[in-house]
Amino acid sequence: MEKERVGFPGRRGAKKIGGNERGRVTGRIQPVPRCRAMTQPRACQEQEDGLREVTLSTQRLRVLPPAVLSNPGLESLDLDRNKLRSITGISKLCNLKRLILSKNEIVDFPTEIQSLVCLEKLELNQNQIRVIPEGVFSHLPRLKHLRLNNNRLGALPKDLTACQGSLQYLNISNNLFRTFPQPVLQLAHLQELHVQNNALRQLPRELFQGQSLKMFKANGNPLREPPSEVCAGGIHQIRNYFNQLQHGSGQEDKRVKTMFLGASLAGKSTICKSLKQGQTELVPKEERTVGIEISEFRIEDFTFLFWDFAGQLEYYMTHHVFITPQALVILVINLHMYQTNDKTFKELVGFWINNLSMRVPNSVVLPVGTHVDCCREEEVEEKRCDIMAKIAAMLMERKSNIAHFIDNLEGSEEPEFYMDQWERLKEMESCTLTILNLVAVNCTDHHDIKKLEATILEHVKNEELFPEVVRVLPPVYRQVEAAIVDIAQGEEMADHGMMDLQYLLSKLSQCEHLANLGRELLQDILRYLHRVGLVVWYEEIKHLESTVFLQPTFLITMFKLLVRYRLVQQLESISVDTLIGEHATIRDRSNWVWTFKSKAMLCHRAVRALVKHQLCSEGMRDIFEEIMGHRPPSRRGKLFSLLEHFELCLEVRHAEALNPQASEFVPGKPWETTRGQGESWYLFPTYLNQTEEVSQVWGGDHPEDLHIRAYFSPEIPEGFFQRFLVKACSFYSTHWVAKATCLLICNGKPLLIKENNQRAYSYLELRCRKPAGRTGFQFAWDFLMAVVFIVQKLAEEWPGLHVCVKTPCRTAGCPAELIWPDMDGTSAMTKEDVKTCGTCGHCFGAELLLPKVPRQLEEPPAQPSAHYYVTSYGTTTFGPSSIHVNRQVRRLPPPLALGPALMARLILSSCS
């Protein structure tokens, strides 16, 4: 399978500097002048040597070099990342099999390509092509691989069918297709098809009738038939969907997920209940939402699934699990508490707008002002105008910042090195929140509630705002959904709503119209219902794959057992009877409280006692063992499977030594963890506070440290650093952690990560000590790059978040910073040996600024071959002032043998 990202064989390093905290250019680091290989001599040399492959990537070419065109034996030509607008003369290369023209400036499709009758691979992605003329593909009978993504295409030529016997890969994503291109249906041998991010509303069932198609991606389209939630299940589920449609006509399902967000006590729950019941329903302060509450109701023929999110910051750590795109967001603002100043706006409005812009940047947001009965009429209007003006200013600032970043990259001396970053920024530029006019309501006034209901209905009927609100479903989907709702509301159903998958199938099969329901079809329907938010089924979590949560609210209950407001008070209130049941004493409870306050850690007994205490208070004592697992822990309970899957906690285990029975690590194969002896402890990063321990172990920053920064715009998302800690600390065996700092140890080498999250100056700083020799630089940059890949992988969960890696100039006081070029984990980042700062004029070895091994350094004395240890469940030892984690080990090849490419793949597979 071809990779989506193209490497840069001719990379020489980036020279542009990102500048100060806003990304402005304040300086420039340039390489020491050296002879630069000219394009034409290079091509001539390759011709003389009889080479059949020529790579001219990132050479700033505007025309094809004559030396290349005079080599008729050429079979492969890579012209990626140049400035070509045409390829005049390419027809001379009649033996060409592979032609890469991606990331150029081509507007008119080059018709000379029709002369390349031997062509097997053609890439024209990321240009500005609008039309492909007829008569080109009819001359390319051997074409197997075609990339046309990221252009301006709205149709494909009919003669593409001439490639039906050969074409196996086609990518037309990120174009302007409104209807599915019919020539694709004739490609009988097509194995992989990408149509993401177009404007498709319907897919033809004929596409899935054959068996050749192995991979299909269509996310980012306003699909109705099949719905995007079905397409997310893959080709097999799409085929089953169309098979079910053959048994009966499709039924329209108009469903809207509606998320209520806002600060604590804004009135979210009151509005939810009032809309659902059709009358005013005040919710007392003591009954405010804890975690998330879910309810469903109908307005006309629309079904609304209400998700009421708690406003306290402690619960925001769980919001990333449930905040999804394609939803209506109702942002509730207490107008009585709101003041027309920046501080109040940030707390009650700006925080939520910022996080929505990063997490679901295409969302539709309806601001609702409450408590208007406590305000004067002119005061309500003044605050409404102030809120709307400040939101507009926020979105304008975001748009301006993105445009500024794009200009910076386009204005650099070698913009071809930043094409991937540029593409991401352009995608972000096209995504923006849609903010509807604020509706002011008195929650105690029935008329105002009905006015809000009418406003909501008016907006969801607008297809431009909600193109996916209508989904076409086979009748069996609706039948299974209705039967599940009946089961969940039945008297036999326990309050927790958990049900074994096989038992659910047997219950559904008892329904007359579902007697022939099979397990595979049920799983397809459950995947759909999970994605629309009606049920929860985490088939990807091993310990939960056979459990279906028919009432998602109980899943929230499980989360809030340990991720909640005032958890310390809950810990202190554990009853003596509960302590005795867990073989603990009052003194143990005091130790638990102290350890949690100081280190954000709880032992297994403490967690069991805390969970038992809270379940008993809610009348759910009977499911305690199922949630927590049996004692001794012969199998993991559901709670920790969830918490670890969503990176809310990290398990560590006490042991005296490394586990000699730990399985050997084999790249590409799953790890089978060997659980050590001793009681487990659980680290909850969201509750960390102290930083002194990390600072003491690190010993302070040194001017000679290797030092890079990952800048975040608009800011580091709430909870990002805590989730990063869980990812990083689960991979590296020894670590010290605090609220905003983390020290990782690998092969005895420390790496410090510090969070700085100020407005317009948000970054993660990574530092490690300057190595002494070539092998030291290799290991140090591998270590740094591995952590950078963890950061980037996690950042992908925020589509509206921009992350830019920079290296500060090593001269004290110099503001210049080197913007890193695109990273693909395989290519060298620079071939320059020395770089010069354009601001202070000082020269530095390139290995001090970018991942690189210096050419000549005095080697340190030879050391015995060291082994790289990677962790799974491991051990914790407690010292007088630190937490030292040694975890179960698996042997890897020596770290220097891994190289940055393999290291990157290991990290990415671990994060997936």
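Residues numbered from 1 in each chain as written. Predicted model: local features only at pLDDT ≥ 70, side-chain atom pairs only at ≥ 80, totals over all residues. Heavy atoms only, no water.

Please clarify how the nonpolar core should be interpreted in this entry.
For soluble globular proteins, nonpolar side chains are generally found buried alongside one another. Leu77, Leu99, Ile113 and Phe216 are the most contacted members of the largest nonpolar core, which has 232 residues in total. With 15 residues, helix H23 (residues 774-795) is the single largest residue contributor to this core. When neighbours within four sequence positions are excluded, Phe216 is seen to be in contact with Leu193, Val195, Leu203, Leu207, Phe208, Ile235 and Ile238. One finds Ile299, Phe302, Val439 and Val469 within the second-largest nonpolar core, a separate group that totals 29 residues. (Core = buried A, V, L, I, M, F, W, Y, C linked by side-chain atoms within 4.5 Å. Buried < 20%, exposed > 50% of the residue type's maximum accessible area, 1.4 Å probe, protein only. Helix = DSSP H or I, 4+ residues; strand = E, 2+ residues; numbered from the N terminus. Contact = heavy atoms within 4.5 Å.)

What is the right way to look at the pattern of salt bridges in this model?
Between side chains of opposite charge, a pair can form as their charged atoms come close. Scanning the entire structure with this criterion turns up 48 salt bridges. A salt bridge links Arg376 to Glu379; the nearest nitrogen and oxygen atoms lie 3.8 Å apart. We classify Arg376 as exposed; its relative accessible area is 52%. The salt bridge involving Asp705 is made with Arg767; its shortest N-O contact spans 3.2 Å. With a gap of 62 residues between them, Asp705 in the loop between helix H21 (692-698) and strand S23 (706-713) and Arg767 in strand S27 (residues 761-768) connect regions that are remote in the sequence. Take Asp705: its relative accessible area is 2%, and that puts it in the buried class. (Salt bridge = Lys/Arg side-chain N within 4 Å of Asp/Glu carboxyl O.)

Would you explain the packing of helix H8 (residues 377-410) against helix H9 (residues 419-430) in this entry?
The angle between the axes and the distance between the axes are what describe a pair of packed helices. Look at H8 against H9: their axes get within 10 Å of each other, and the N-to-C directions meet at 155°. Looking at the two axes, H8 sits roughly antiparallel to H9. Every pair of crossing elements has a handedness; the one defined by H8 and H9 is left-handed. Only Gln421, Trp422, Leu425, Lys426, Met428 and Glu429 of H9 make contact with H8, whose side of the interface consists of Arg398, Ile402, Ala403, Phe405, Ile406, Leu409 and Glu410. (Axes fitted to C-alpha atoms, helices over the stretch in contact; angles between N-to-C directions. Parallel < 35°, antiparallel > 145°, perpendicular 65-115°, else oblique. Left-handed = near helix turned anticlockwise from the far one by under 90°.)

Teacher, can you tell me more about unusual backbone geometry here?
The phi torsion of most residues other than glycine is negative, and most of the peptide bonds are trans. Across the junction of Glu225 and Pro226, the peptide omega takes the value -5°, indicating a cis bond. Within the secondary structure, Pro226 sits in the loop between strand S9 (215-217) and helix H3 (228-231). Following Ser713, the chain continues to Pro714 via a peptide bond in cis, the omega torsion being 10°. For Pro714, the location among the structural elements is in the loop between S23 and helix H22 (720-731). Positive phi outside glycine occurs at Asn174, with the angle close to 55°.

Looking at this model, I keep getting lost on the packing of aromatic side chains. Mind explaining?
How two aromatic rings sit relative to each other is given by the distance of their centres and the angle of their planes. A complete count under the given rule lists 24 aromatic pairs for this structure. Here Tyr477 and Tyr528 contribute two aromatic rings whose centre-to-centre distance is 5.7 Å and whose plane-to-plane angle is 70°, an arrangement assigned as edge-to-face. One end of the pair, Tyr477, is in helix H11 (residues 475-489); the other, Tyr528, is in helix H13 (residues 519-532), and 51 residues separate them in sequence. On the basis of relative accessible area, Tyr528 is assigned to the buried category, the value being 1%. A cation over a ring is seen here: Arg769 above Trp698, with NZ or CZ 3.6 Å from the ring centre. (Phe/Tyr/Trp six-rings, centres within 6.5 Å; stacked < 30°, edge-to-face > 60°. Lys NZ or Arg CZ within 6 Å of the ring centre and 35° of its normal.)

Would you mind going over the environment of Val360 with me for this structure?
The residue Val360 is located in the loop between helix H7 (342-359) and strand S14 (364-370) in this model. For Val360, a relative accessible area of 3% puts it in the buried group. Leaving out residues up to four positions away in the same chain, Val360 has contacts with Ile323, Thr324, Pro325 and Leu433.

Looking at this structure, how should I read the packing of H11 against helix H12 (residues 501-509)?
Two numbers describe how H11 lies on H12: the axes approach to 10 Å, and their chain directions differ by 105°. As summarised for this structure, H11 and H12 are arranged roughly perpendicular, according to the angle between their axes. Of the residues in H12, those touching H11 at Val480, Ala483, Ile484 and Ile487 are Leu504, Lys507 and Leu508. When its residues are assigned to classes, the contact of H11 with H12 shows 6 nonpolar, no polar and 1 charged. (Nonpolar A, V, L, I, M, F, W, Y, C, P; charged D, E, K, R; others polar.)

What's the story with the confidence of the model for the chain in this structure? I'm lost.
Do not read the fine detail of predicted coordinates wherever pLDDT is low. Of all residues in the chain, 81% attain a pLDDT of 70 or more, and the chain-wide mean is 80. When mean pLDDT is compared element by element in the chain, strand S7 (residues 169-171) scores highest at 97, while strand S32 (residues 869-878) scores lowest at 29. Contacts of residues 286-291 to residues separated by more than four positions or lying in other chains number 18 contacts, the stretch itself having pLDDT below 50. Every residue in residues 857-908 scores below 50 in pLDDT, and together they form 167 contacts with partners more than four places removed in sequence or on other chains. (pLDDT = per-residue confidence, 0-100.)

Can you walk me through the sheet that holds strand S2 (residues 53-55) in this structure?
Within a sheet, each strand pairs with its neighbour through backbone hydrogen bonds, oriented either parallel or antiparallel. Taking strand neighbours across the sheet as the criterion, the 8 strands line up as S2-S3-S4-S5-S6-S7-S8-S9 in an open arrangement whose pairing is parallel. Of all the strands in the sheet, the pair left with one neighbour each is S2 and S9. The mean inter-strand angle of the sheet, taken between neighbouring strand axes irrespective of direction, is 5°. As paired strands, strand S3 (residues 76-78) and strand S4 (residues 98-100) are joined by 3 bridges and run parallel to one another. Following the sheet pairing, Leu77 is matched in S4 by Leu99. (Pairing = 2+ DSSP bridges.)

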